[in-house]
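This is what each chain is made of:
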Amino acid sequence: MTAPDEGEITTEARGAVWLMGINRPHKLNGFTPAMFDQLAAAYERLESDPDLRVGVLFAHGPHFTAGLDLPMFAGRFADDSDFAGVTGDRVDTFGRRAPWRRKPLITAVKGITFTAGLELALASDIIIAANDVRLAMMEPKRGLMACGGATYRFVERGG
């Protein structure tokens, strides 16, 4: 179990559907390193379990995610590792490199869906957006490079 302030990714199989929930609502579901590790493991379970046919990524609370909780990622940024913990044979949560996901992924976004949240949504096969969703890429405003794939995927999908 993860420390409460680090949040968690909840998982549940409902028949052939694999539900993955971002659960840190008291921090606008801001991602921590532990949450990215858990999300990668959840994607791997989706891919490896023959009884699962589709994944659904959603959020607990009123917002999908405000993105990364940057102070908690200082160590990963400092050692030049992949901030999302995607190394070696792990399934890339952003779909930037092999091994690729083979099973469909639906992402349901709502409320604040910033930075890494938009990256995750654009890396999925289907996005379902609530009428209150607020999308933003905050990296350019902070002098950072958006590196999860949204830079080209947004143009691909949005035109």
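Structure: see above.
Residues numbered from 1 in each chain as written. Predicted model: local features only at pLDDT ≥ 70, side-chain atom pairs only at ≥ 80, totals over all residues. Heavy atoms only, no water.

### A word on the side chain of T65
Mapping T65 onto the fold places it in the loop between β3 (54-59) and α2 (74-78). For T65, the side chain forms a polar contact with the main-chain nitrogen of G67, separated by 3.0 Å. Each residue touching T65, except ones within four places of it in the same chain, is listed here: L28, N29, G30, F31, I112, T113, F114 and G117. (Helix = DSSP H or I, 4+ residues; strand = E, 2+ residues; numbered from the N terminus. Polar contact = N/O pair within 3.5 Å; in protein donor to acceptor, adjacent residues only side chain to side chain. Contact = heavy atoms within 4.5 Å.)

### With respect to the pattern of salt bridges
Applying the stated rule across the entire model yields 5 salt bridges. For the salt bridge of D5 with R24, the shortest nitrogen-to-oxygen distance reads 3.8 Å. Taken together, the residues span a long stretch of sequence, with D5 in the segment before β1 (8-14) and R24 in the loop between β2 (17-23) and α1 (33-48) at a distance of 19 residues. Among the residues examined, D5 registers a relative accessible area of 40% and is labelled partly exposed. (Salt bridge = Lys/Arg side-chain N within 4 Å of Asp/Glu carboxyl O. Buried < 20%, exposed > 50% of the residue type's maximum accessible area, 1.4 Å probe, protein only.)

### Let's talk about the nonpolar core
Core analysis: the largest hydrophobic core is formed by 23 residues, its most contacted members being M20, I22, F31, Y43, L57 and L120. Broken down by element, this core gets its largest block of residues, 6 residues, from α1. Apart from the residues lying within four places of it in its own chain, the contact partners of F31 are I9, I22, F36, L39, T65, G67, L68, D69, F73 and L120. (Core = buried A, V, L, I, M, F, W, Y, C linked by side-chain atoms within 4.5 Å.)

### Some points on the sheet that holds β3
Ordered in space as β1-β2-β3-β4-β6, the 5 strands form an open sheet in which the pairing is mixed. Of all the strands in the sheet, just β1 and β6 (126-129) have a single pairing partner and so form its edges. Across the sheet, the axes of successive neighbouring strands diverge by a mean angle of 20°, strand direction being ignored. The strands that α1 touches are β1, β2, β3 and β4 (105-109); relative to β2, the one it contacts most, it runs at about 175°. (Pairing = 2+ DSSP bridges. Axes fitted to C-alpha atoms, helices over the stretch in contact; angles between N-to-C directions.)

### Quick word on α1
For an α-helix the count is 3.6 residues per turn, leaving residues at separations of three or four pointing the same way. Over its 16 residues, α1 runs 23 Å from end to end, which matches the ideal 22 Å to within 8%, given 1.5 Å per residue. For α1, the set of buried residues is P33, A34, M35, F36, L39, A40, A42, Y43, L46 and E47. (Expected span 1.5 Å × (residues − 1).)

### Let's talk about the pairing of β3
Counting buried positions along β3 gives 5 out of 6 residues, so the element sits mostly inside the fold. A crossover links β2 with its parallel partner β3, the connecting element being α1, and its sense is right-handed. Examined bridge by bridge, β3 and β4 share 3 bridges and lie parallel to one another. Paired with L57 across the bridge in β4 is T107. (Right-handed = clockwise from strand over helix to strand, strands pointing away.)

### Considering the environment of F31
Note that F31 resides in the loop between β2 and α1. With 37 residues separating them along the chain, F31 and L68 place their C-alpha atoms 4.7 Å apart.

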